[in-house]
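Geometric and topological summary
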Amino acid sequence: MKMKFVLVVMSSIFLGTPAAFAVNPDEVLKDPVLEERAREISKEVRCVVCQNQSIDDSNAQLAKDLRLLVRERLVEGDSDAEVMDYLVARYGEFVLLKPRFALHTLFLWGGGPIVLLLGGFFLWRSSRKKKDAPLKSAAGIKPLSAEEKAALDKLMSSE
Amino acid sequence: MIIEIGHYALILALVVAAIQSVFPVWGAVHSDHRLMGMAPGLAVLMFLLTCVSFGALTWAYLNSDFSLLNTYQNSHSDKPLIYKISGVWGNHEGSILLWVLILVLFGALVAVFSRNIPQRLRAATLGAQGWVSFAFLLFVIVASNPFTRISPAPLQGTGLNPMLQDVGLAIHPPILYIGYVGFSIVFAFAAAALILGKLDAAWARWVRPWILVSWIFLTLGIAMGSYWAYYELGWGGWWFWDPVENASFMPWLTGTALLHSAIVMERRDALKVWTVFLALLTFSLSLLGTFLVRSGVLTSVHAFAVDPARGLFILAILLIFVGGSLTLFAWRAPLLRQGGLFAPISREGALVLNNLFLTTACAAVFVGTLYPLVLEAFSGDKISVGAPFFNLTFGPIMVPVLILMPFGQLLAWKRGDALGVSQRLTTAFILSVLATVALVWFMGVSTTSIMTAFGFGLAFWAIFGSLWEIVDRSQLFKVSLGRSLARVKGFAPTVWSSVLGHAGLGVTVLGIVTTLAFESERVEVMRPGDTLEQNGYHITYEKSWTQNGPNYEELVSRYTLRKGGNVVDIMEPSKRAYKASGMPMSETSIATFGFSQVYFATGDTDANGGIVTRIYFKPLITLIWIGTLFMSLGGVIALLDRRLRVGAPVSARKRKSKTASVTAATPTPAE
């Protein structure tokens, strides 16, 4: 967050834009349906000179240019996917805030599911193991020694 | 002179940390009571020395002593008093000193308040805390020294970043750090248990208060940071999945898992190895967060220093502690006996699932935060991972958590009855369906998507399902009202904490879903006298004027907010220019109606007297933060549980009188 604060400040200083906000009234399309699509696309496109900001949030000049570009393509009849492809062709995959699923992003998309599957598998296996040998391990537990029992009683009798 | 005393105290603290790192641990391993007995005194001494040091730096800020490089770069004599104080931690060196101060504070708290835990465990814990303290004190002195002088001393400082001149900054970092750094003591307890090879249910009882304290502060710190960003940034966002946010969110997720697994360990002596692992992991993630934020590895112009030497130093600390603790874990954990058997469908089983999902959620955030860095380092490919990715990967994992939560509260320990619990929850389910239908109807059936309705349902299920624990345990409608009330009075505090914590999460989710689905915004160039209509409000732009603040000049714009012809509020957002830096800043103006907010920010002015006005309507948005308050309150109540006090902060006098009365009333078995 703090980083964002600074970015707003920095971008307004270094990029020479006044401290404006993201989408300005003059950019908005007449057609509300197209404008809504433009906004949805903008949320997934990175302002490439900013740190972790979508062009929808950013006040950098480049973000504004990209917002206008997105709207231009939509007005010309591009589908959402075509607009994205166009941006990726021009600016590279870096422009997407949600990377495409591919070989080099395998672990990015797979990271969470892998942990879930491994964890689930481990739990399943240990629950089976427990079912197999509940008596054996129960027999293996030593009863509390007198000392331990006294300590436990002391703990349990509130304080 | 005061500065030199502060500097010297810091070096002495480092020496104390070195002694504390070695001798108490040696004593604990070799049963040397004299060496073990050193630990509490050293911990308190180290805290006092760091206090002196921190006090000296604060003194420099209060007196605008610009002979310090740090004050020169981050302060200004015109600054209001509160920002002179908060300016101490509004920069890299000062904030890392605050970090260390809180670190040694926790050590001192353990030294003072944990007299009744076994001497060996306490000595080893304080020793392990000494390692962390030593590493960070060394870092402050060698690579981030706030006591560097400049000569000749400038007459005026360059001022604090205006973004940080806000009450939020005064309180947000200390609270967040207490949470972040508090887990260091949990880490130290875990390391001590591994060193001593002794881990039992009592350990969980001694550690749980420290987990709770850290968790409460981390929860509040994150929530506060979110609200701060919301009103300060001026575009209505409240969570950005920014790496800096993720850095504090990851330890929160594993810390929440730890909170739950420690309960299982305390009650049932199960999940011991896992709990210790989570304790190590949570603090490792705190360290990772510190590394991410401080090192400049995020290739960003961050508010704090970007210095490769510092980055490498913290990376070394990170690797030593993560590597060291994992090694210790791999070496010693197999020696720990597993206990406490339970069936898959049981309270323990539900808590294990909770841990699985929270850990998965943390893994998703972890991968998303670090993957771009790793990919770029190894292949040179640059990719971006932002909010759309996290929403897609993190969101779905929360669905089973919310669905299963109420079941967990009602399932019995050891062996539960899933069908029976479902039957007991039927009424809560019906209530949440009714509430969902009512809310969808209120918001408009045609504008509500299926996903939104499902989100409402989840939130209400979490709320009603959690609250149902009260009805279920008090046997309401089954026994007489008087007996139910008597049962409610007799509830253990843990009942209230699980009810509040879980219902609070439901409230937060309700706020998130409603805001995401129904927020609207209006951006217009307005001229004085212009009126626009949105969401049933008539908004009139009255006028703008300039005025002077203590260290800035601002352009204030006034808007009148009307509903049904009546004035409901006057909004005065402004744009500020700070004198010291010339930086522009936008101050938002927010009106709260019930749980919803209308949010105003102004942008550029044009030649014809028009001003860009941004108005956001945020339905039920305050529930997001209100829910976190409930969660924290649940934590506070859990902390009040008498059973936890075995190792928790209790004043010595109170404890003495209590034990005295207990021994007088009931003859306790001889020790």
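Residues numbered from 1 in each chain as written. Chains lettered and ligands numbered in written order. Predicted model: local features only at pLDDT ≥ 70, side-chain atom pairs only at ≥ 80, totals over all residues.

Heads up, the rule is: UniProt positions are given in the numbering used here, feature names are shortened, and annotations may be inferred rather than shown by experiment.
Under an unreviewed UniProt entry, the name given to chain B is Cytochrome c-type biogenesis protein CcmF, and the organism recorded is Pseudovibrio axinellae. As recorded by UniProt, the Subcellular location (unreviewed entry) comment attached to chain B reads in full: "Cell inner membrane". Taken from UniProt, the Function (unreviewed entry) comment for chain B reads in full: "Required for the biogenesis of c-type cytochromes. Possible subunit of a heme lyase."

Looking at an unreviewed UniProt entry, one finds chain A named Cytochrome c-type biogenesis protein, with Pseudovibrio axinellae as its source organism. One UniProt comment on chain A, placed under Function (unreviewed entry), says "Required for the biogenesis of c-type cytochromes. Possible subunit of a heme lyase."

Focus: the overall build of chain B
Let me state the cut-off plainly: Helix and strand labels come from DSSP, where a helix needs a run of H or I of at least four residues and a strand needs a run of E of at least two; each type is numbered from the N terminus. Only C-alpha atoms enter the radius of gyration, while the globule expectation follows 2.2 Å times N to the 0.38, with N the number of residues. Working definition of burial: number of other C-beta atoms within 10 Å of the residue's own, with buried at 20 or more, exposed at 12 or fewer, and partly exposed in between, all C-beta atoms being placed from the backbone. By definition, residues are in contact whenever their C-beta atoms, placed on the basis of the backbone, come within 7 Å of each other.
A tally of regular secondary structure across chain B gives 20 helices and 10 strands. What you see for chain B is a C-alpha radius of gyration of 27 Å, in line with the 26 Å of a compact globule of 671 residues. Taken over 671 residues, chain B has a buried fraction of 53%. Across chain B, contacts joining residues at least 24 apart in sequence account for 76% of those joining residues at least 6 apart.

Describing the nonpolar core
Residue and element names in this part refer to chain B. Cut-off, in case you're wondering: Nonpolar cores are identified as sets of buried Ala, Val, Leu, Ile, Met, Phe, Trp, Tyr and Cys residues joined via C-beta atoms within 7 Å.
One finds Val100, Val186, Ala190 and Ala462 to be the most contacted residues of the largest nonpolar core, which totals 203 residues. The contact partners of Val100, leaving out residues within four places of it in the chain, are Thr50, Phe136, Leu137 and Val140. Counting residues in hydrophobic clusters, the runner-up holds 14 residues, among them Met526, Tyr559, Val598 and Tyr599.

Notes on the environment of B:Ala350
All names here are of chain B. Residue position: Ala350 is located in helix H12 (residues 347–379). Residues Ala350 and Leu410, spaced 60 residues apart in sequence, show a C-alpha to C-alpha distance of 10.0 Å. Setting aside residues up to four positions removed in sequence, Ala350 forms contacts with Leu404, Phe407, Gly408 and Leu411.

Describing helix H6 (residues 119–143) of chain B
To keep things clear, this is the line we draw: Given a helix with a known number of residues, its expected span is that number minus one, times 1.5 Å.
Helix length check: H6(B) (25 residues) gives 35 Å between terminal C-alpha atoms against 36 Å at 1.5 Å per residue, within 8%. Counting buried positions over the 25 residues of H6(B) gives 19, a clear majority of the element.

Quick word on the sheet that holds strand E9 (residues 596–605) of chain B
All names here are of chain B. Rules: DSSP-based pairing: two strands are paired if at least 2 bridges between them are found. With axes taken as lines fitted to C-alpha atoms, and helix axes fitted only over the stretch in contact, angles between N-to-C directions fall between 0 and 180 degrees.
Here we have four strands laid out as an open sheet, ordered E1-E10-E9-E8, and antiparallel in their pairing. Looking at the sheet topology across the chains shown, the edges are occupied by strand E1 (520–526) and strand E8 (589–593). Ignoring strand direction, the axes of neighbouring strands in this sheet form an average angle of 15°. One ladder, built from seven bridges, connects E1 with strand E10 (residues 611–618); its direction is antiparallel. Bridge pairing in E10 places Ser520 opposite Phe617.

Thoughts on the domain arrangement of chain B
This is how the line gets drawn: For the purposes of this description, domain bounds are those given by an automatic or database domain assignment.
What the domain assignment lists for chain B is domain 1 (1–165), domain 2 (425–518 + 623–647) and domain 3 (520–618). Look at where the C-alpha atoms of domain 2 of chain B and domain 3 of chain B centre, and you get two points 37 Å apart.

Considering helix H4 (residues 80–91) of chain A
All names here are of chain A. The following threshold applies: As used here, the arc belongs to the directions running from the helix axis to the C-beta atoms.
In this model H4 runs 16 Å from its N-terminal to its C-terminal C-alpha over 12 residues, within 8% of the 16 Å that 1.5 Å per residue would give. Taken together, the buried positions of H4 are Val83, Met84 and Leu87. Buried positions in H4, seen along its axis, are confined to an arc of 100° and lie on one side of it. Residues of H4 that are exposed and point more than 90 degrees away from the buried face comprise Ala81, Asp85 and Ala89. Of the surrounding elements, those touching the buried residues of H4 are helix H2 (32–43) and helix H3 (61–75). Where H4 ends, the next residue or the one after it, Gly92, has phi of about 85°, a positive value.

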